[in-house]
Amino acid sequence: MLAIIGGRSMNKLAGLEVTHRQVMRTPYGEPSGALIFGTIGTREIVFLSRHGHGLTIPPHAVNYRANIWVLSTLKIKTIIAVASVGGIRKDMGPGKIVVPDQIIDYTHSREATFHGRSNGTIIHTDFTQPYCPQTRTSLLQAARDAGESVIDGGVYAATQGPRFETAAEINRLERDGADLVGMTGMPEAILARELGISYATIAAVANHAAGRGESIQAIPLQAAHLALENAMGSVRNILEHLVRNHDD
């Protein structure tokens with residue numbers, strides 16, 4: 001079964017027939033919200049709203065460990081993470097869809113591992129390729145099948161939030177090699193890796209990052225919201241094709 005983590009707009013997947021909702025708990029506390037189970041065609045999926053019902057949980061307060069753990073208990077093999085981001089690279093302007101291939105983590109004070117000190121064993125997890133290559137390939141193929149244009153590859157800078165970055169911080173991220181900036185990419189990706197779940201992100205660019213393009217003086221929030229809504233239509237189209245062709 002395929003899992004999608006994202007915002008409320010993912011509830012609008014065409015052809016999604018919701019079968020039931022289930023509230024679950026974990027050793028790490030409560031997930032962001034109830035799990036929504038449904039089907040597209042003959043394929044089963046489960047959806048989890050990262051920021052909770054009504055979008056009430058800010059990025060730094062998401063219980064990432066509970067979210068990933070609860071999906072692992074359902075024997076989920078693949079997670080698709082939907083993210084809204086700011087574009088740093090010139091060709092990654094508002095409305096663009098990107099399937100990133102690398103992450104730089106700038107977050108702090110988040111519970112970022114399942115491997116604590118409880119058993120006294122130090123466990124290191126390889127994270128050279130933070131996104132599953134096969135899952136990325138499936139996303140790119142689904143985009144082609146859906147007739148949607150996407151950018152293949154990019155470095156996602158995960159920042160703490162909930163505030164946006166300063167122009168100087170974006171300059172720093174660019175010097176570090178970042179192409180996109182968002183607030184939810186970590187520790188979600190590494191937690192999925194620790195539990196052996198294939199994970200990839202599809203990112204919708206809502207706005208130019210601070211100090212870039214139309215955000216040279218300030219991020220135009222209303223325009224960013226409209227750009228994100230339009231881009232999410234393309235994301236939903238891609239995910240619908242992915243789900244129909246997904247190999248359980």
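Everything below is about the structure printed above this text.
Analysis parameters
- Residues numbered from 1 in each chain as written.
- Predicted model: local features only at pLDDT ≥ 70, side-chain atom pairs only at ≥ 80, totals over all residues.
- Heavy atoms only, no water.
- Helix = DSSP H or I, 4+ residues; strand = E, 2+ residues; numbered from the N terminus.
- Rg over C-alpha atoms; globule rule 2.2 N^0.38 Å.
- Contact = heavy atoms within 4.5 Å.
- Areas by Shrake-Rupley, 256 points an atom, 1.4 Å probe, with all protein chains shown as cover.
- Lys, Arg positive; Asp, Glu negative; His and termini not counted.
- Charge placed at Lys NZ, Arg CZ, Asp CG, Glu CD.
- Phe/Tyr/Trp six-rings, centres within 6.5 Å; stacked < 30°, edge-to-face > 60°.
- Buried < 20%, exposed > 50% of the residue type's maximum accessible area, 1.4 Å probe, protein only.
- Core = buried A, V, L, I, M, F, W, Y, C linked by side-chain atoms within 4.5 Å.
- Salt bridge = Lys/Arg side-chain N within 4 Å of Asp/Glu carboxyl O.
- Expected span 1.5 Å × (residues − 1).
- Arc of directions from axis to C-beta.

## Overview of the overall build of the protein chain
Then comes step 1: Helix and strand counts for the protein chain come out as five helices and 11 strands.
Then comes step 2: For 248 residues, the compact-globule formula gives about 18 Å, and the C-alpha radius of gyration of the protein chain, at 17 Å, lands near that figure.
Then comes step 3: Principal-axis analysis of the C-alpha atoms gives the protein chain an extent of 45 × 45 × 35 Å.
Then comes step 4: Of the contacts made within the protein chain by residues no fewer than 6 positions apart, 81% connect residues no fewer than 24 positions apart.
Then comes step 5: As displayed, the protein chain offers around 11700 Å² of accessible surface, 49% of which is attributable to carbon and sulfur atoms.
Then comes step 6: With 23 positive and 23 negative side-chain charges, the protein chain shows a separation of 3 Å between the mean positions of the two kinds.

## Thoughts on the packing of aromatic side chains
Then comes step 1: A complete count under the given rule lists four aromatic pairs for this structure.
Then comes step 2: The interplanar angle of 70 degrees and the centroid separation of 5.3 Å between the aromatic rings of Y28 and W69 together place this pair among those described as edge-to-face. Of this pair, Y28 sits in the loop between β2 (16-22) and β3 (35-40) while W69 sits in helix α1 (residues 64-73); the two residues are 41 residues apart in sequence, bridging distant segments of the chain.
Then comes step 3: Judged by relative accessible area, which is 25%, Y28 ranks as partly exposed.
Then comes step 4: With centroids separated by 6.3 Å and ring planes inclined at 10 degrees, the aromatic side chains of Y131 and Y199 adopt a geometry described as stacked. A residue pair is termed long-range when its members are at least 10 positions apart, and Y131 in the loop between β7 (102-105) and α2 (133-146) and Y199 in strand β11 (residues 198-208) qualify at 68 residues.
Then comes step 5: Its relative accessible area of 2% is what places Y131 among the buried residues.
Then comes step 6: Relative accessible area serves as the criterion here: at 2%, Y199 is assigned to the buried category.

## Some thoughts on the nonpolar core
Then comes step 1: One finds L35, I68, L71 and I79 to be the most contacted residues of the largest nonpolar core, which totals 35 residues.
Then comes step 2: Beyond its immediate chain neighbours, meaning those up to four positions away, I79 contacts A3, I5, I68, L71, A192, I197, S198, Y199 and A200.

## Let's talk about the pattern of salt bridges
Then comes step 1: For the coordinates displayed, the defined rule picks out nine salt bridges.
Then comes step 2: We note a salt bridge from E169 to R163, for which the minimum N-O separation is 2.9 Å.
Then comes step 3: Where salt bridges share partners, they join R89, D91 and D179 into one cluster.

## Some points on α1
Then comes step 1: In terms of residue burial, α1 counts as a mostly covered element, since eight of its 10 residues are buried.
Then comes step 2: If you follow the buried residues of α1, they end up packed against β1 (2-6), β3, β4 (43-49), β5 (78-87) and α4 (188-194).
Then comes step 3: Phi turns positive, to about 65 degrees, at K75, one or two residues after α1.

## Quick word on the environment of A157
Then comes step 1: Turning to its location among the elements, A157 is positioned in strand β9 (residues 155-158).
Then comes step 2: For A157, a relative accessible area of 0% puts it in the buried group.
Then comes step 3: Separated by 28 residues in the primary sequence, A157 and G185 have C-alpha atoms spaced 7.9 Å apart.
Then comes step 4: When residues no more than four places from it in sequence are discounted, the contact partners of A157 are I104, Y106, L173, A178, L180, V181 and G182.

## Details of α2
Then comes step 1: Look at α2: 20 Å from first C-alpha to last across 14 residues, which is about the 20 Å you get at 1.5 Å a residue.
Then comes step 2: Three or more residues of α2 are buried, namely T135, R136, L139, L140, A142, A143 and A146. Angularly, the buried residues of α2 cover 155 degrees about the axis, an arc narrow enough to put them on a single face. For α2, the exposed residues set more than 90 degrees away from the buried face come down to Q134 and R144.

## Describing the side chain of H208
Then comes step 1: Relative to the assigned elements, H208 resides in strand β11.
Then comes step 2: A residue is classified by how much of its surface remains accessible, and H208, at 19% relative accessible area, is buried.
Then comes step 3: Aside from chain neighbours lying at most four places away, what touches H208 is G87, G93, P94, G213, E214, S215 and I219.

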